[in-house]
Each structure stands twice: as C-alpha cells, then as structure tokens.
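Each chain, letter by letter, is given below.
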Amino acid sequence: MRYKRPDKKNALSLIEAAQKEMRFTLNLPLSEDAGPTIVRNIYESFRMLGDALLISKGIESEDHLVPVKELLKLKVDTQRPISSIDNLRRFRHNINYYGYQPKLAEVSDVISIAQSCFNPLLDEVLKQVKQNE
C-alpha cells in the first residue's frame, strides 16, 4: 500500500463507475457464455467501491485483497453476508486464471449477492467518502 493525498473527486468517480457497471451487468441476459463476464463485472464493481474508500483516505492499494477487506469492515445490513464478496473474489480468480466456466446456478448466485449487497454498500461508501473531507 502507498499513502498519498486523499482524493474525494477520484473516489466519487470510482463510485459512479461502479454503479454504472453494476447497472449494465445486471441487465445482461443470463447465459453460460455471459457467465464469466457477469461474474467479473460484478466483482469489479464491488472492488471499485473498496478502492473508492481507500482513495478517499489517501491509500492506494496494489492488489484486490485490500479493497475487498475495506468493504468487509463496513457495518451495513444486507440480506446476504458481506463476506460473500471475498468468496466472489476467489471465484473470479478461478475464472480468470484457471479458465473455470461457471454454471448458470453459480452465476445466478453471484447476481443474488450483487442484488442484496451492492446498493447498501454503495450508500455506505458514498456516506463515508463524503465525510472524509
């Protein structure tokens, strides 16, 4: 990790990008061919929220683990456990680096995680970024 000046503008830009990416991804038709893309995009949207938190605090991470851990620290009520996001990180890793082809049921589960966790986390991240002035 590198420390630098907190950048609220960049953090807000990342939050907006994450929101747009999630909205787009959740509108993709569910199919086996689209499965890896859906999983990657959903994971990436969560990671961007974690990065936005870090950037607003003046921390630049060098990997995906730190932003995800930052999200896991948040006290947010969700229908599914926030820790599911760390499982999603590992799942995406298997897709990207081992060529795993997710089953439709697995992709549906990832979509369910996004639908139950993303907006509450988005709201909390926005609140915290705006406080970090």
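Reading the values: rules and limits
Residues numbered from 1 in each chain as written. Predicted model: local features only at pLDDT ≥ 70, side-chain atom pairs only at ≥ 80, totals over all residues. Heavy atoms only, no water. Helix = DSSP H or I, 4+ residues; strand = E, 2+ residues; numbered from the N terminus. Rg over C-alpha atoms; globule rule 2.2 N^0.38 Å. Buried < 20%, exposed > 50% of the residue type's maximum accessible area, 1.4 Å probe, protein only. Expected span 1.5 Å × (residues − 1). Arc of directions from axis to C-beta. Contact = heavy atoms within 4.5 Å. Axes fitted to C-alpha atoms, helices over the stretch in contact; angles between N-to-C directions. Parallel < 35°, antiparallel > 145°, perpendicular 65-115°, else oblique. Nonpolar A, V, L, I, M, F, W, Y, C, P; charged D, E, K, R; others polar. Salt bridge = Lys/Arg side-chain N within 4 Å of Asp/Glu carboxyl O. pLDDT = per-residue confidence, 0-100. Left-handed = near helix turned anticlockwise from the far one by under 90°. Core = buried A, V, L, I, M, F, W, Y, C linked by side-chain atoms within 4.5 Å.

**Student:** Go over the overall build of the chain with me, naming the residues and quoting the values.
**Tutor:** Scanning the chain from terminus to terminus reveals five helices and two strands. In the chain, the order of α-helices and β-strands from amino to carboxyl end is β-α-α-β-α-α-α. For the chain, whose C-alpha radius of gyration is 14 Å, the value lies close to the compact-globule estimate of 14 Å for 133 residues. The C-alpha extent of the chain, read off along each of the three principal axes, is 45 × 30 × 25 Å. Of all 133 residues assigned to the chain, the portion counted as buried reaches 44%.

**Student:** Got a sec to walk through helix α1 (residues 8–26)? Specific residues and values, please.
**Tutor:** For α1, built from 19 residues, the straight-helix expectation of 27 Å at 1.5 Å per residue is met to within 8% by its first-to-last C-alpha distance of 27 Å. Ala-11, Leu-14, Ile-15, Ala-18, Met-22 and Thr-25 are the residues of α1 that are buried. What you see down the axis of α1 is that its buried residues fit within an arc of 100°, all on one side. The elements touched by buried residues of α1 are α2 (35–56) and α5 (104–131).

**Student:** Give a description of the packing of α2 against helix α3 (residues 65–72) that names residues and reports values.
**Tutor:** Remark: α2 packs on α3, axes separated minimally by 8 Å, with the N-to-C direction vectors making an angle of 80°. Classified by the angle between their axes, α2 and α3 sit roughly perpendicular to one another. Residues Tyr-43, Phe-46, Arg-47, Leu-49, Gly-50, Asp-51, Leu-53 and Leu-54 of α2 lie in contact with α3, whose contacting residues are Val-66, Pro-67, Val-68, Glu-70 and Leu-71. Its residues assigned to classes, the contact of α2 with α3 shows nine nonpolar, one polar and three charged.

**Student:** Could you give an account of the pattern of salt bridges, with specific residues and numbers?
**Tutor:** Tallied over the full model, the rule gives nine salt bridges. Note that Lys-57 and Glu-70 form a salt bridge whose closest N and O atoms lie 2.4 Å from each other. In this pair, Lys-57 sits in the loop between α2 and β2 (59–60) while Glu-70 sits in helix α3, placing the two residues 13 residues apart along the sequence. By relative accessible area, Glu-70 is classed as buried at 7%. Taken together, the salt bridges that share partners define one network made up of Glu-44, Arg-47 and Asp-51.

**Student:** So what about the confidence of the model for the chain? Which residues, and what values?
**Tutor:** For the chain, the mean per-residue pLDDT works out to 93, and 96% of the residues sit at or above 70. The least confident element of the chain is strand β1 (residues 2–3), whose mean pLDDT is 66; the most confident is α1, at 97.

**Student:** Any details on the packing of α3 against helix α4 (residues 84–98)? Residues and values, ideally.
**Tutor:** Viewed as axis vectors pointing N to C, α3 and α4 meet at an angle of 160°, and their least axial separation amounts to 9 Å. When the interaxial angle is binned, α3 and α4 end up roughly antiparallel. Crossing hand, α3 versus α4: right-handed. Of α4, the residues touching α3 (which contributes Leu-65, Val-68, Leu-71 and Leu-72) are Ile-85, Asp-86 and Arg-89.

**Student:** An account of the nonpolar core is requested, with residue identities and associated values reported.
**Tutor:** Among the nonpolar cores identified, the biggest contains 36 residues, and Ile-42, Phe-46, Leu-49, Leu-71, Leu-121 and Val-125 are the most heavily contacted of them. Listing elements by their share of this core, those giving two or more residues are α1, α2, α3, α4 and α5. Of all the elements, α5 adds the most residues to this core, at 11 residues. With residues up to four places along the chain from it excluded, the contact list for Leu-71 reads Phe-46, Leu-49, Gly-50, Leu-53, Ile-82, Ile-85, Leu-121 and Val-125.

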